[in-house]
Every structure is written in structure tokens, then in C-alpha cells.
Amino acid sequence: MKEKKIEAILEVKNLKKVYMKNDGEPHVAVNGISFELMKGEIFSFLGPNGAGKSTTINMLTAQLTPTDGEIVFQGQSLKDNPIFAKSKVGVVAQHNNLDRGLTARENLIYHGQYFGMSEGDAAKKADELLASFGLTDWGNDYVKSFSGGMAQRLKIARAIMHQPEILFLDEPTTGLDPAYREILWQHVLKLNKEYNTTVFLTTHYMEEPERFSDRVAIYNKGAIKALGTVEELRKKVPSQTIITIVLDALNEDVVKEVKSLADVKDVSVKDEKTFVVYVDNSQKVINELLALIDKKGLALESINLSATTLDDIFIHLTTNDIKND
Amino acid sequence: MEKKLNQFDIFKIMVKRDLLIQSRDWKEFVFRVGMLPFILILTYGFMLPQIGILDADFPNQMFPGMLGMSLLVTGIHGTVVPLAMDFNNTREIEDRLQAPVNVRVVAWAKMFVGIIESWIGALIVLPISLVFMGSYLNISLDFTSGLVLLGVLLLSSVTSATLGLLVGTVVKPPQIAAMFPGFLMPLIFTGAIFFNWAALETIPVMKYITLINPLVYINEALRFILNSGGDTMPIVYSISGIVVFTIVMGYYGMKRFIKMANR
Ligand SMILES: Nc1ncnc2c1ncn2[C@@H]1O[C@H](COP(=O)(O)OP(=O)(O)OP(=O)(O)O)[C@@H](O)[C@H]1O
Ligand SMILES: [Mg+2]
């Protein structure tokens, strides 16, 4: 893909966070994770609700003190030199932490100045960003009056105001309509391409990492389950092609028989009518499946052939965990 | 951006932000700051001496107390309320904590604004006092006392900001309403605002309990300077008291702030 010098910009070693709950019980939100963030890559950090993604971002951006472990920005430990770390990063937090006492434009200008921009430069950049995020007419309004999507756009504009080297995006497109999602990605890809900005993304929209990211980590219950390019992760599921079949009624018998077919790698039952078959030779298996259904006298409602998506990989790697709860 | 960032420049920007926001509500600010000394001076400095319930010298006792009270309360309020809101409701302080400076700079900026506000709190007492109890007041100040007065006011404004930092990082927004009856009122009324601390001689318990109130030291120092001695605490004691309080509260306030900043 892209020609990039492989150089870690951020190293995370054995990072751990234990919260104390109100009832005094400890809760392990992040359980000793390690990974490296390479300069200029777009890295997706995917996991179900409550997996500890925001907790991880908060620790990496110096907002939250880890219980244990190390965070190193270009050789400098965050603990020893938080100012260096903070000078590298821009963050879009999951919650709305805009400055309520300031107007939209002032939010951007002050933010730029906190990072050493002159007032003039900051004002110029603020106006450009307001324009591209469709907020020019709202520049002089207080953010109190903003809709959820407007606030989200402003948060994104603010995070890229000072052109950070590493951009942390915690579910940045949640609450954005499809048009603004595209605009966000245009901005992010432009920063990535022109300034080699590193991006650390969490999202629940699986098509985003599939389209844009260099590497993906699938993360659940405080631990990284898989890490690699989307292509590499595909190999973690039993096959590259899946057939989804919906019948009028499903029984264990059918599933067992399907499982025993040659070229079928695995079968998983989705609900009482639907099952998913991981296959290698799809043409052959489809014919066998149809014959089997016919023989059993079952009614086929639908059959669908598709390549495994990140969605399937994500579900495959995280549902086992959820079932074990 | 490998530019070397100047921590002091960023401090100034943060102060500017706070002053901008405060200045937008300047009418509420003047009302909030002026109302308490106004009503106390009107009642105790004007009406009661007029009626004859208090004697004509009372305003002289009271004036330094009003100065100290207004300064302390304004500074505390000016630090506590924005801090508690910033940290708890929306965590909007995160944007400033994210700035490439030591988090202490964010706290210093908050305190500096509290200091400025406390000076305005002290200044506002002057016209109110002149209007309502000017005829009773008998204050003479030579150049040296003037300088000492300035020094005590400056020191006390720092005290008020450190107290504000500590309280602001402890209280939660729903508790702010309870702060006036639960914290500021006792602070004010046990703070020797109307009379010398030594007058508590007849109630020894009160005399010693009130020593944990920083306002006592501030008012004693102001009274020493403005009423040229009299029966006040020696100025060395009162100033030492203010300094000790400032250091202790500043230390714990900063500790709390850093803890809140890094959760
Ligand atoms: N301040 C806190 N005190 C106690 N527990 C917390 C605190 N913050 C988060 N948690 C818990 O830690 C876990 C991880 O939370 P976190 O917000 O990091 O999840 P997440 O992966 O970002 O989820 P989502 O996709 O819903 O945003 C959750 O179980 C949450 O309840
Ligand atoms: Mg989250």
C-alpha cells in the first residue's frame, strides 16, 4: 500500500487500568495490553461497548493515570514527560467536552493558542475549519445551542486545529450524517497523506476501518484478541467466504449434516432460522446445501453468498467472549 | 510542530479565556460581589448606629472586617464555582488539560483569576462604605501603613484563591448551593468581621475555635493597620496565620487539582 518508513511513534507496554466501583469492587477495564503505533498509520481499535476503548484513549492522551504499564512517545515516557506527549496529540473525546462559555469560533481559536499558535493564525485556521464543517453561520454562537451533530463536527475541527502528529478519534462519526462522515474522512485522510499524521481510531462502524485503516486491533474485555491488517485478520476466521441461509425452521440435525460436508470449514447458528456457513469452494457447497435442504423437506427463505467482512471477523472474535459471560 | 512552547504564554491565554467569560456576565458579577457587603454595611454600619442600637464607633470596627470578608468570599467564589463546573459537569476543562503545559499551569490560571476577582471584591467595599458610613469612619493611613495594607490585601487574595482551589476540587456541582449556608456563612460570621478577635475573651471556646478560620487573621491584620493598633492581634501573628493557611491550603488544593486532572 503506502510507502512508509516503519518507525514506532508510540509504544504501549503492558498497559493496565483498574477502576474502583462505587460498591468498592475493583473493575479491570484494561488488562495489560501491549502494541506499537507506527508513524503515519491509521490504526483501528475495535471492541464492543464497555471493552475499555475510551479508557485506553484517555490513558494514551494523558487524561487518565494508568494503574500499571508504560506509554512511550518517541522514546519519551509519558509519565516522565507528559508535556512532550501532549504536544504530539489531538483528541476527539467520546463525550462533548467543548468549552460552553465560548463561541464555536472561540473554541477553535483558544485551542490553537493553547498549542502555541498566534491569535491571527488561529483565527484564520478556525474560519477555514468552520467553513469545511458547515459551521460558518454558527461561528459566533455558543456551543450550548448546538445540536449533537454540530457539536461533534466542532469537536473534530478543534482536534485538528493544531495539526497534531497523532490524532485520537473516539467514535468520531457517531451522530454524524453520512455526508459529514465523508467530510471527516476527507480531512483525516488529507492530514494522513500530507503530514503523515498517525491516526488512532475507535468506531462501531466496521466499514470505516475496512476502508481506511492500515491495521486493526480487535479488542475485548481488556485484552487484544487479534491485531493486523484487515487481510491478516481475515485469516483468523475459518474461511474467506460465507453463506448465510435462512430456513423456515432449523434443527440440530441439519446443522450437523452441513458441518460434515467436505469444504465446509465451520457453521455457526445465528438465530432459530439462520445459520452461517464458512466455506472454501462456494459453488460446490451451494449445490450440496440446496440438495440437502430439498431432501429434508425444508423451505428455504433466503440464501446469501458473501466475502467475510470486518463485521464477521469482529463478531467471530468477540462473540465467543460474550457467550461465556 | 516542534516549536518551543512558552508555559507563561499559555498561562496568559487561559487567564484571558476566564476573564472573557467572566466579563460577559459582568452585571451578575457586580451584583453577586456587591450585595453581601452592601446589605451588611447598610444594616450594621448605617441603620443600627443611626437608630442608636450600635454606637458610633462600630463602623470603624466593621470596615476592615467588610474589606476582608468581601475579598475572601469573592476570591473563593470566583475559583470554586468555575472549577467545580469544569471538572464535573462536562469536563470542559479537558481542552485546557490537554494543552502542552504542566497541569499546574491550568490551576495557576484559575487561581490568578480568583485573585483578580478578590481584589474587585475588596474595591467594591470602598464606595459602599463611603456612602453609608463615611461620616462615622475615622481612618488615617501613612505611606508605610499604606504599603503594608497593600501587602496584606495581596497576600489575602492569594489565600482566598488557594482556599477556592481546595474547595473547588472537593465540592460537586449539586453541593454548590449548599456552600453558602454550609461553608461561607460560618466562615463569615466566625471571621471576626464586626469586632476584634480579642473581644472573644469572655467566650474562650469561641476564641480558640475561630482560630481555624483564615478570615480571622486577615481581619485582624487589616484592623491593626486601619485602626492603628488597638486591641488586635500583633501583626506578626496575623500575617503568619495568613501565610500558614495559604501554604497549607495551596499544597492540598494543588494536590487535589492534580488528582482530579488525572482522575
Ligand atoms: N470512572 C470510572 N469508574 C468506574 N468504572 C469505569 C469508569 N470509567 C469507565 N468504567 C468502566 O470501564 C469499562 C470500560 O469503559 P470504557 O468507557 O473505556 O469502554 P468503551 O470501550 O469506550 O465503551 P463504548 O463503546 O461504550 O464507548 C466499562 O465497564 C465502564 O463501566
Ligand atoms: Mg468509549
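Given the structure is predicted, the values throughout are model-derived calculations rather than measurements.

Basis of the calculations
Residues numbered from 1 in each chain as written. Chains lettered and ligands numbered in written order. Predicted model: local features only at pLDDT ≥ 70, side-chain atom pairs only at ≥ 80, totals over all residues. Heavy atoms only, no water. UniProt positions renumbered as here; feature names shortened; annotations may be inferred. Helix = DSSP H or I, 4+ residues; strand = E, 2+ residues; numbered from the N terminus. Core = buried A, V, L, I, M, F, W, Y, C linked by side-chain atoms within 4.5 Å. Buried < 20%, exposed > 50% of the residue type's maximum accessible area, 1.4 Å probe, protein only. Donors = N, O, S within 2.8 Å, 3.2 Å for Na, K, Ca; no water. Phe/Tyr/Trp six-rings, centres within 6.5 Å; stacked < 30°, edge-to-face > 60°. Lys NZ or Arg CZ within 6 Å of the ring centre and 35° of its normal. Pairing = 2+ DSSP bridges. Axes fitted to C-alpha atoms, helices over the stretch in contact; angles between N-to-C directions. Contact = heavy atoms within 4.5 Å.

### Considerations on the UniProt feature "transmembrane region" (unreviewed entry) in chain B
Residues and elements named next belong to chain B.
Then, in step 1: According to UniProt, the feature "transmembrane region" (unreviewed entry) maps to residues 29–47, 67–85, 105–128, 148–171, 183–200 and 235–254 in the numbering used here.
Then, in step 2: With 100% helix and 0% strand, the stretch residues 29–47 has end C-alpha atoms that lie 26 Å from each other.
Then, in step 3: Secondary structure content for residues 67–85 is 100% helix and 0% strand, while the C-alpha to C-alpha distance between its ends is 28 Å.

### Some words on the nonpolar core
One broad rule of soluble globular proteins: the nonpolar side chains tend to lie buried together.
Then, in step 1: Within the largest apolar cluster, 53 residues are counted, with the highest numbers of intra-cluster contacts made by Leu40(B), Met66(B), Met69(B) and Ile193(B).
Then, in step 2: Every element with two or more residues in this core is listed here: α2 (26–51), α3 (58–88), α5 (103–133), α6 (143–168), α7 (176–189), α9 (214–226) and α10 (235–261) of chain B.
Then, in step 3: Among the elements that take part in this core, α3(B) stands out by supplying 12 residues, more than any other.
Then, in step 4: If you look at the next biggest cluster of nonpolar residues, it comprises 35 residues, including Ala126(A), Leu129(A), Ile156(A) and Ala157(A).

### A closer look at the coordination of the magnesium ion (ligand 2)
Residues and elements named next belong to chain A.
Then, in step 1: Protein coordination at the magnesium ion (ligand 2): the donors are Ser54 (OG) and Gln94 (OE1), at 2.0 to 2.1 Å from the metal. Remark: Gln94 occurs in the loop between β6 (89–92) and α3 (104–114) and Ser54 occurs in helix α1 (residues 53–60); sequence separation between them is 40 residues.
Then, in step 2: The class of Gln94 is partly exposed, set by a relative accessible area of 42%.

### Here's the deal with the packing of aromatic side chains
Then, in step 1: Overall, the coordinates contain 20 aromatic pairs over all chains when judged by the stated rule.
Then, in step 2: Aromatic pair Phe35(A) and Phe200(A): ring centres 6.0 Å apart, planes at 25°, arrangement stacked. Residue Phe35(A) is found in strand β2 (residues 26–38), and its partner Phe200(A) is found in strand β8 (residues 198–202); the two are separated by 165 residues along the sequence. Note on accessibility: Phe35(A) and Phe200(A) belong to one class, buried.
Then, in step 3: A centroid spacing of 5.8 Å and a plane angle of 45° characterise the contact between Tyr217(B) and Phe245(B), whose relative ring orientation is tilted. Placement of the pair is Tyr217(B) in helix α9 and Phe245(B) in helix α10, with a sequence separation of 28 residues.
Then, in step 4: Through successive ring pairs, a cluster of aromatic residues spans Phe35(A), Phe43(A), Phe45(A), Phe168(A), Phe200(A) and Tyr219(A).
Then, in step 5: The ring of Tyr142(A) has Lys144(A) lying over it, and the distance from NZ or CZ to the ring centre is 5.4 Å.

### Observations concerning the UniProt feature "domain: ABC transporter" (unreviewed entry) in chain A
Then, in step 1: The positions UniProt marks with the feature "domain: ABC transporter" (unreviewed entry) are residues 10–246 of chain A.
Then, in step 2: Annotated as residues 10–246 of chain A, this span is 35% helix and 29% strand, and its ends, taken at the C-alpha atoms, are 46 Å apart.

### Here's the deal with the sheet that holds β6(A)
Adjacent strands of a sheet pair through backbone hydrogen bonds, lying either parallel or antiparallel.
All names here are of chain A.
Then, in step 1: If you walk across this open sheet you meet the 6 strands as β6-β7-β8-β3-β9-β10, and the pairing is mixed. A single partner strand is all that each edge strand has here, and the edge strands are β6 and β10 (223–228). Each adjacent strand pair in this sheet contributes to an overall mean axis angle of 15°, direction not counted.
Then, in step 2: Inspection of the sheet shows strand β7 (residues 166–170) paired to β8 by 5 bridges, in the parallel sense. Bridging from a neighbouring strand, Ile166 pairs with Thr198 of β8.
Then, in step 3: With respect to the sheet, α1 is in contact with β3 (42–46), β6, β7, β8 and β9 (215–220), its orientation differing from that of β7 by roughly 150°.
Then, in step 4: Most of the contacts of helix α5 (residues 148–161) go to β6, to which it runs at about 175°, and overall it touches β6 and β7.

### Digging into the pairing of β9(A)
Residues and elements named next belong to chain A.
Then, in step 1: Among the 6 residues of β9, 6 are classified as buried, and the element is accordingly described as predominantly covered.
Then, in step 2: Where burial is concerned, the two faces of β9 agree: the one with Arg215, Ala217 and Tyr219 and the one with Val216, Ile218 and Asn220 are both buried.
Then, in step 3: Here β3 runs beside β9; their pairing, made up of 4 bridges, is parallel. In the strand pairing of β9, Phe45 is matched with Ala217.
Then, in step 4: Alignment of β9 against β10, held across 5 bridges, turns out to be antiparallel. Considered in β10, the bridge of Ala217 is made with Leu227.
Then, in step 5: Taking the residues between adjacent antiparallel strands as the criterion, β9 and β10 are bridged by 2 residues, where Lys221 takes a positive phi near 50°.

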